[in-house]
Amino acid sequence: MSEERSFGELLEESLVTIHNNEVVEGTVIGVKDSEIILNIGYKADGILTKNEYSNNPDVDLTKEVKLDDKLTVKVLKVNDGEGQVLLTYKRLQQDKMNKIFEEAMEKGEVLTGTVATALKGGLSVAYGEGRIFIPASLVSDVYERDLSKYAGQEIDFVLTEVNPRKRRIIGDRRQLVVAKKKEMQEELLAKIEVGMMIEGTVKNLTDFGAFIDLGGADGLLHISEMSWGRVEDPKKLFKVGDQVNVMIKDIVGTKIALTMKLDSNNPWRTAPEKYAKGNVVTGKVARMTDFGAFVELEEGIDALLHVSQISIEHVEKPSDVLKAGQDITAKVVDFNEEAKKISLSIKALEIENQKEAEEAPAEETIEADNAEADEEV
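Residues numbered from 1 in each chain as written. Predicted model: local features only at pLDDT ≥ 70, side-chain atom pairs only at ≥ 80, totals over all residues. Heavy atoms only, no water.

A separate point is the packing of aromatic side chains. What the rule picks out here adds up to 5 aromatic pairs. On the basis of an interplanar angle of 15 degrees and a centroid distance of 5.1 Å, the ring pair of Tyr53 and Tyr89 is categorised as stacked. In this pair, Tyr53 sits in helix 2 (residues 50-53) while Tyr89 sits in the loop between strand 5 (85-88) and helix 4 (90-107), placing the two residues 36 residues apart along the sequence. You can call Tyr53 buried: its relative accessible area is 7%. Relative to Phe294, the ring of Phe291 has its centre 6.2 Å away and its plane inclined at 85 degrees; by these criteria the two rings are edge-to-face. Given a relative accessible area of 41%, Phe291 falls into the partly exposed group. (Phe/Tyr/Trp six-rings, centres within 6.5 Å; stacked < 30°, edge-to-face > 60°. Helix = DSSP H or I, 4+ residues; strand = E, 2+ residues; numbered from the N terminus. Buried < 20%, exposed > 50% of the residue type's maximum accessible area, 1.4 Å probe, protein only.)

A word on the pattern of salt bridges. Here the structure, examined in full by the defined rule, presents 15 salt bridges. Two residues, Arg287 and Asp302, come together in a salt bridge whose shortest N-O distance is 3.0 Å. Pair noted here: Arg287 is in strand 16 (residues 280-289) and Asp302 is in strand 18 (residues 301-306), with a separation of 15 residues, a long-range link. For Asp302, a relative accessible area of 27% gives the class partly exposed. (Salt bridge = Lys/Arg side-chain N within 4 Å of Asp/Glu carboxyl O.)

Once that is clear, we can look at a negative patch on the surface. A cluster of acidic side chains, namely Glu102, Glu103, Glu106 and Glu109, defines a negative patch on the protein surface. Mapped onto the fold, Glu106 is located in helix 4. A relative accessible area of 68% places Glu106 in the exposed class. (Patch = residues over 30% accessible without salt bridge, like charges linked within 9 Å, V, L, I, M, F, W, Y side chains within 5 Å. Areas by Shrake-Rupley, 256 points an atom, 1.4 Å probe, with all protein chains shown as cover. Lys, Arg positive; Asp, Glu negative; His and termini not counted. Charge placed at Lys NZ, Arg CZ, Asp CG, Glu CD.)

Inspection of the sheet shows strand 6 (residues 111-118) paired to strand 9 (residues 154-163) by 4 bridges, in the antiparallel sense. Bridging across to strand 9, Gly113 finds its partner in Ile155. Across 5 bridges, the pairing between strand 9 and strand 10 (residues 168-172) is antiparallel. Bridge pairing links Leu159 to Gly171 in strand 10. Here strand 9 folds back onto strand 10 in antiparallel fashion, the turn holding 4 residues, of which Arg167 has a positive phi close to 55 degrees. (Pairing = 2+ DSSP bridges.)

Here we come to the nonpolar core. A general feature of soluble globular proteins is that nonpolar side chains tend to end up buried together. Core analysis: the largest hydrophobic core is formed by 22 residues, its most contacted members being Tyr275, Leu297, Ile301, Leu305, Ile328, Ile342 and Leu344. Here this core gets 4 residues from one element, more than from any other, and that element is strand 19 (residues 327-336). Discounting residues that sit within four places of it in the chain, Ile342 has contacts with Trp268, Tyr275, Leu297, Ile301, Ala303, Leu304, Val332, Asp334 and Phe335. (Core = buried A, V, L, I, M, F, W, Y, C linked by side-chain atoms within 4.5 Å. Contact = heavy atoms within 4.5 Å.)

It is worth spelling out helix 4 at this point. Three or four residues apart is the spacing at which side chains of an α-helix point the same way, because the helix has 3.6 residues per turn. For helix 4, built from 18 residues, the straight-helix expectation of 26 Å at 1.5 Å per residue is met to within 8% by its first-to-last C-alpha distance of 25 Å. Positive backbone phi, at 70 degrees, marks Gly108, one or two positions downstream of helix 4. (Expected span 1.5 Å × (residues − 1).)

In any sheet, the strands associate via hydrogen bonds between backbone groups, in a parallel or an antiparallel arrangement. The strand order around the closed barrel built from 5 strands is 16-17-18-20-19, with neighbouring strands paired in mixed fashion. Adjacent strand axes in the sheet meet at a mean angle of 50 degrees, parallel and antiparallel pairs treated alike. One ladder, built from 5 bridges, connects strand 16 with strand 19; its direction is antiparallel. Residue pairing for strand 19: Val280 is matched across the bridge by Lys331. (Axes fitted to C-alpha atoms, helices over the stretch in contact; angles between N-to-C directions.)

What follows is the structure, given as structure tokens:
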């Protein structure tokens, strides 16, 4: 009996003594879909569950390890209630990651991770076996209601808080976005100048104009600069995502004013010849006031048809005889190139037509008399 006790005592002494949170090395003696079994030199085997191996729920343990592999693990519980030792691999890796995170935060290092989950309040980002939370307010430099587009994406960030005890690892992507945009803005401002043509993308539309992404900064294309003609609603002319060619009209600090009104497409270049005083022109009634109607002769050129010039007959107000969209023919009675003003008159044409009608019978009588004289001869 004493020999047996000595053997038992020797066996007990040959086994290691372990404690919670102790780091030990084990040898894989079994692998299942849900757990890995390790020989850790203790009287009981160690159990490493799938959940304690990795944060990745899709990890395949049978592909991760094989029999006789060595794993360094951490003891969670010496006795899990069934006489087995509960182990963790991911938390040991997390401890290592925490040190990496602390150093990265101190150095201001930029890290790249994959968005594991897009939550309502922010993003959960995987970096190795670590998890970083980026609050919604720190995801971008603008508010984004829906963060789902980031799911599965690789994103860059810096760390602003590393608190392993509270399991708080906070990341910040916003400051990188701001810094990148500032860098791109400075590069753009350094190479553009007033009068330069540049291609951009319609980023946003408002009642007063369109914001154009120029690849580093946004420029404003005001509604008054979209066309030489009258633009009522920018949304009828453009849509978000359209590619447009615009000219730099002005640069004040970081504000860029754009225009599509170029000398090459300025309708007033040929206006002196087309709309010279005395010319008969056609146009469309664009809008009316109490004192007259504005007639669009072509895109970018409107002329005034005063109420007194609408007809030989007295007209109380333009809307009594005209309507918007109506085509009219009139005579140019005044052209002011400097002020870009053109005045029309239908009345003048009517007077001319009336004179022609009055002169026509006299001419016909002369022709008839001549014809009778020829017959007598």
